[in-house]
There are 4 protein chains.
Amino acid sequence: MNEASPTLRAWVYWWLERPDRNADGPRLLEIALIALISLNVGAVILETVGPVYARWQFAFDLFERVSLLVFTAEYLARLWVAPENPEVQSRRKWASSPLAIVDLLAILPAVLGMLFPLDLRILRTLRMLRLLKLTRYSPALGMLLAVFEEEAGAFLAGFFILVLMLIFASSGAWLAEHEAQPEAFGSIPAAMWWAVATLTTVGYGDVTPVTVAGKIFGAIITIVGIGMAALPAGIIASGLNDQLHRRRASLEAQFRLALEDGA
Amino acid sequence: MNEASPTLRAWVYWWLERPDRNADGPRLLEIALIALISLNVGAVILETVGPVYARWQFAFDLFERVSLLVFTAEYLARLWVAPENPEVQSRRKWASSPLAIVDLLAILPAVLGMLFPLDLRILRTLRMLRLLKLTRYSPALGMLLAVFEEEAGAFLAGFFILVLMLIFASSGAWLAEHEAQPEAFGSIPAAMWWAVATLTTVGYGDVTPVTVAGKIFGAIITIVGIGMAALPAGIIASGLNDQLHRRRASLEAQFRLALEDGA
Amino acid sequence: MNEASPTLRAWVYWWLERPDRNADGPRLLEIALIALISLNVGAVILETVGPVYARWQFAFDLFERVSLLVFTAEYLARLWVAPENPEVQSRRKWASSPLAIVDLLAILPAVLGMLFPLDLRILRTLRMLRLLKLTRYSPALGMLLAVFEEEAGAFLAGFFILVLMLIFASSGAWLAEHEAQPEAFGSIPAAMWWAVATLTTVGYGDVTPVTVAGKIFGAIITIVGIGMAALPAGIIASGLNDQLHRRRASLEAQFRLALEDGA
Amino acid sequence: MNEASPTLRAWVYWWLERPDRNADGPRLLEIALIALISLNVGAVILETVGPVYARWQFAFDLFERVSLLVFTAEYLARLWVAPENPEVQSRRKWASSPLAIVDLLAILPAVLGMLFPLDLRILRTLRMLRLLKLTRYSPALGMLLAVFEEEAGAFLAGFFILVLMLIFASSGAWLAEHEAQPEAFGSIPAAMWWAVATLTTVGYGDVTPVTVAGKIFGAIITIVGIGMAALPAGIIASGLNDQLHRRRASLEAQFRLALEDGA
């Protein structure tokens, strides 16, 4: 593979990695790949519906084999053309990049499943990892990752407070309720299911305190705790909002510069 | 209709489209139309209450016929006077504007229901579309549409992340629970009902994980996911807030200009 | 009463309305009145607990009579001293102010209950209106009222959108579910209970869609709707936050001015 | 103890209180203490799981004794070295600081449990207070306390409004439902469990209004109330966000100053 003609490699690079954002052919190829990923996700979803899978099993299996072939070819091709990219250069560096690891995760479970006997249901669910291949094409996911990186400190602080609240809430609920409801509040880990549902305000209601002490503790912890529990969520949301407005502002600034250059 | 005297047409235009915002007559007509729309919505709501409809069927049916007549006359009149409006000019252009389409949707189902045998319940529910006629008179709805347009990019990004979270949450819940609860978690689409109720924090509790693996996965996905799921909602809310303050600021600026002109 | 010596009236005014914020006596009287209101609320709460009321009925009834006497005396005294207040002057003007109406509401039901035979439970609940007497002493409630006034436009817009969402959600749920669940979704008003619980994300789960169409509609309306439904709440919260920061800033500005004056 | 050589005391102070933030030894000791606290919390959680405790009772009890010894030694050592700290100086002043009280709370219940016969379950739960020892090492918790201090006024205002809403909601629900559901809505305190679950949007659904009046009142109070109830939570969240950004800005400013000094 290493001896391939540089012209062919440059041509594959031009098609796969879209260095020229205005070329029509590579854009169509990108759209086709996005469609294939989406269809794969749709197929995994539909395969879990018993009657649908029973009826179309052959088509589903064929589609999975074709998809696996395409994704494997894509991975090998991207690996092969990596040296063409001036920002990557070495194949090893490309293979250890997050996008390359996602590409590998999209084919590895199915390849391993051919070599070793693995549980089919877990294999099927792991095919859902192909969803992550969309990160390459989605600015939204890229932004989310940037927000996580930038607000990591705030996020960790919020998360730490949430864990403290969860431990505190489940300890108190266990103390108040473990005699009245040994099934649902028999241990602190068991009581944590109630604490998560309550502090996130999901509130399924499958498990609720029944003793007077448990209800009073539950009411206080709910009022105090939901503010704390909303912190990590609020930090991500406000960070993403900031990011979006900054990107828009920088796009507008570029656009204005371009206009002034043209004038 | 095209040969109607321009004077009559201008007079109808003056009454219907309120070019002169200070005239009292057209304002009363507008209030009457808003009242008629509200009464229509109220009638549809009350008709679904069995005993009420049985008792007052004749009145409800008469009111519907009169309303249909008024709304049809209104649509035809607006179509007829469209050329009077300097911003619209051609009737075709008016007929393809969003407000005109809403006006058409308010009468079309009932008209079609007279010509073809249609399910009466669906027809009744489609009369709810008359609610949208209020958009013409409501700055709030207009603002909401403006927000959707302006924040479309952010909104799509948030929505894309929400869909990914839903697919991921329902896949994991299906894997963990489909053996213990084949009814509620038998397929990924079925598990999505749980995922929507959880990630939006509605939490009905009609379907909850019961296995230890399902509860651990559910707790983690809830804590991680509710922040993501709140993104589209947060984007609309903050966008509408921005819009409201900008409008108020622009109104105040106009007011100040008017004061300075007067001075 | 009109002929009372102006010296006595000025003295009562000085005690009741606290024109001199630094005097100790009137401050203690104010604290006593706040305590009496709080005890009244506590008494109404405890009276509804059967065994507690049965055991202490005499004490509760005595306390209610004393409280009624004090509140009536307070009302009459405030009415009498109104002309002393340079901002109010006439008694009629004071009697039609919001604070005076709240004071009247705190005694009127009990006085009427003595003259006419009224349902005792409703009378007891109406005593809860005495809570509103705390508005006089609470800057928090005053601020909330100011926020409502200032953001009235935004608030109405948000509320209008919420009502539209509720009508739309309950119509769709009624159409999808009224055959499968004639009890819970038998009419649009009945379906509104589900719509309120869902769009506010409370999600009791006492009523949930069971048909496939109902679940799909419910999932979509939940994702789209919770953002809209949170608008009025978000507008109040952000308005109150603004108000709090503005008040703090104005207090700091006053403080700085005072410092500069002293320098 | 008072006669201990100042050199030894200074050496213990250097190890325990980390005056020199760059020294490696004290940092490792701090990490070991954090690990011990975390393991203690983990142990309390696991001890409540019946089979786990039955199997490893000896190890759990040994670990608790060792931990108690270490924490007692730590407390006495910190008390002993307090005069070394130029900001504290006297031992009495250190012993009354919040961090010292938390250190005492971490050992006191276990020490008392040795002297007097106390309920073992309550003792075990009180060991959870050791979690608070993490405050010393966590900037997140320190920030949260600073936010509470700074926004105390806003927080109290929001909390007062929340209490008013809870009292009002439970009074109305009691009036509407106490005859239909004497168990769940038999008194205002009982109805408060429903009010808390509703106004915080947790919505367990174990208790819901069933009468028409109760549902109408419940729907209105839910729509109006959830905005109010979210106030305290919103105030903490926005305060913490402010605090985080201010800290980051001050860190960046320090960093820039350091760079300029170096240049």
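Residues numbered from 1 in each chain as written. Chains lettered and ligands numbered in written order. Predicted model: local features only at pLDDT ≥ 70, side-chain atom pairs only at ≥ 80, totals over all residues. Heavy atoms only, no water.

Draft legend 1. Region of the structure containing the interface of chain B and chain A. Each partner contributes to the interface: chain B provides 39 residues, whereas chain A provides 36 residues. Here chain B and chain A share an interface that buries about 3100 Å² over both sides, 76% of which is from carbon and sulfur atoms. Looking only at chain B, the three residues that lose the most surface to chain A are Phe160(B), Trp174(B) and Ile223(B), adding up to 15% of its buried area. Joining chain B to chain A, the criterion identifies 0 salt bridges. Counting residues per element, the side of chain B that touches chain A draws most heavily on helix 8 (residues 152-177) of chain B, which supplies 9 residues. Partitioned by chemical class, the residues of the side of chain B that touches chain A number 22 nonpolar, 13 polar and 4 charged. (Contact = heavy atoms within 4.5 Å. Buried area = accessible area lost by both parts, 1.4 Å probe. Salt bridge = Lys/Arg side-chain N within 4 Å of Asp/Glu carboxyl O. Helix = DSSP H or I, 4+ residues; strand = E, 2+ residues; numbered from the N terminus. Nonpolar A, V, L, I, M, F, W, Y, C, P; charged D, E, K, R; others polar.)

Draft legend 2. Looking closely at the packing of helix 8 (residues 152-177) of chain A against helix 9 (residues 188-199) of chain A. Residue and element names in this part refer to chain A. At their nearest, the axes of helix 8 and helix 9 sit 8 Å apart, and the two run at 120° to each other. On the basis of their axis angle, the class for helix 8 and helix 9 is oblique. Crossing angle aside, the handedness with which helix 8 passes helix 9 is right-handed. Contacts between helix 8 and helix 9 involve Met 165, Leu 166, Ile 167, Ala 169, Ser 170, Ser 171, Ala 173 and Trp 174 from the first element and Ile 188, Ala 191, Met 192, Trp 194, Ala 195, Val 196 and Leu 199 from the second. Looking at the contact of helix 8 with helix 9 residue by residue, the classes come out as 13 nonpolar, 2 polar and no charged. (Axes fitted to C-alpha atoms, helices over the stretch in contact; angles between N-to-C directions. Parallel < 35°, antiparallel > 145°, perpendicular 65-115°, else oblique. Left-handed = near helix turned anticlockwise from the far one by under 90°.)

Draft legend 3. Seen up close, the relation of the copies chain B and chain A. When chain B is brought onto chain A, the operation consists of a screw motion whose angular component is 90° and whose axial shift is 0.0 Å, with 0.0 Å RMSD remaining. Here the transformation between the copies is reduced to the relation of a four-fold axis. (Least-squares fit on C-alpha atoms with pLDDT ≥ 70 in both.)

Draft legend 4. Quick look at a nonpolar patch on the surface. On the surface, Leu104(B), Leu108(B), Val111(B), Leu112(B), Met114(B), Leu115(B), Phe116(B) and Leu118(B) cluster together to form a nonpolar patch covering roughly 710 Å² of accessible area. As for its position among the elements, Met114(B) is in helix 5 (residues 98-115). (Patch = residues over 30% accessible without salt bridge, like charges linked within 9 Å, V, L, I, M, F, W, Y side chains within 5 Å. Areas by Shrake-Rupley, 256 points an atom, 1.4 Å probe, with all protein chains shown as cover.)

Draft legend 5. Summary view of the pattern of salt bridges. Taken as a whole, this structure holds 56 salt bridges over all chains when the rule is applied. Its salt-bridge partner being Arg9(C), residue Glu84(C) comes within 3.1 Å of it at the nearest N-O pair. Taken together, the positions of Glu84(C) in the loop between helix 3 (50-81) and helix 4 (91-95) and Arg9(C) in helix 1 (residues 6-16) put the pair 75 residues apart, joining distant regions of the chain. Among the residues examined, Glu84(C) registers a relative accessible area of 23% and is labelled partly exposed. One continuous salt-bridge network, built from bridges that share partners, spans Glu17(A), Glu74(A), Arg78(A), Asp103(A), Lys133(A) and Arg136(A). (Buried < 20%, exposed > 50% of the residue type's maximum accessible area, 1.4 Å probe, protein only.)

Draft legend 6. Local environment of the interface of chain B and chain C. The partner chain C presents 39 residues to the 36 residues of chain B that form the contact. Where chain B abuts chain C, roughly 3100 Å² becomes buried across the two surfaces, and 76% of that area is made up of carbon and sulfur atoms. Together, Thr48(B), Trp193(B) and Tyr204(B) form the three largest contributors to the area buried by chain B at its contact with chain C, with a combined 21%. Linking chain B to chain C there are 0 salt bridges. Here chain B and chain C share 4 residue pairs in polar contact (both at pLDDT 80 or more) between them. (Polar contact = N/O pair within 3.5 Å; in protein donor to acceptor, adjacent residues only side chain to side chain.)

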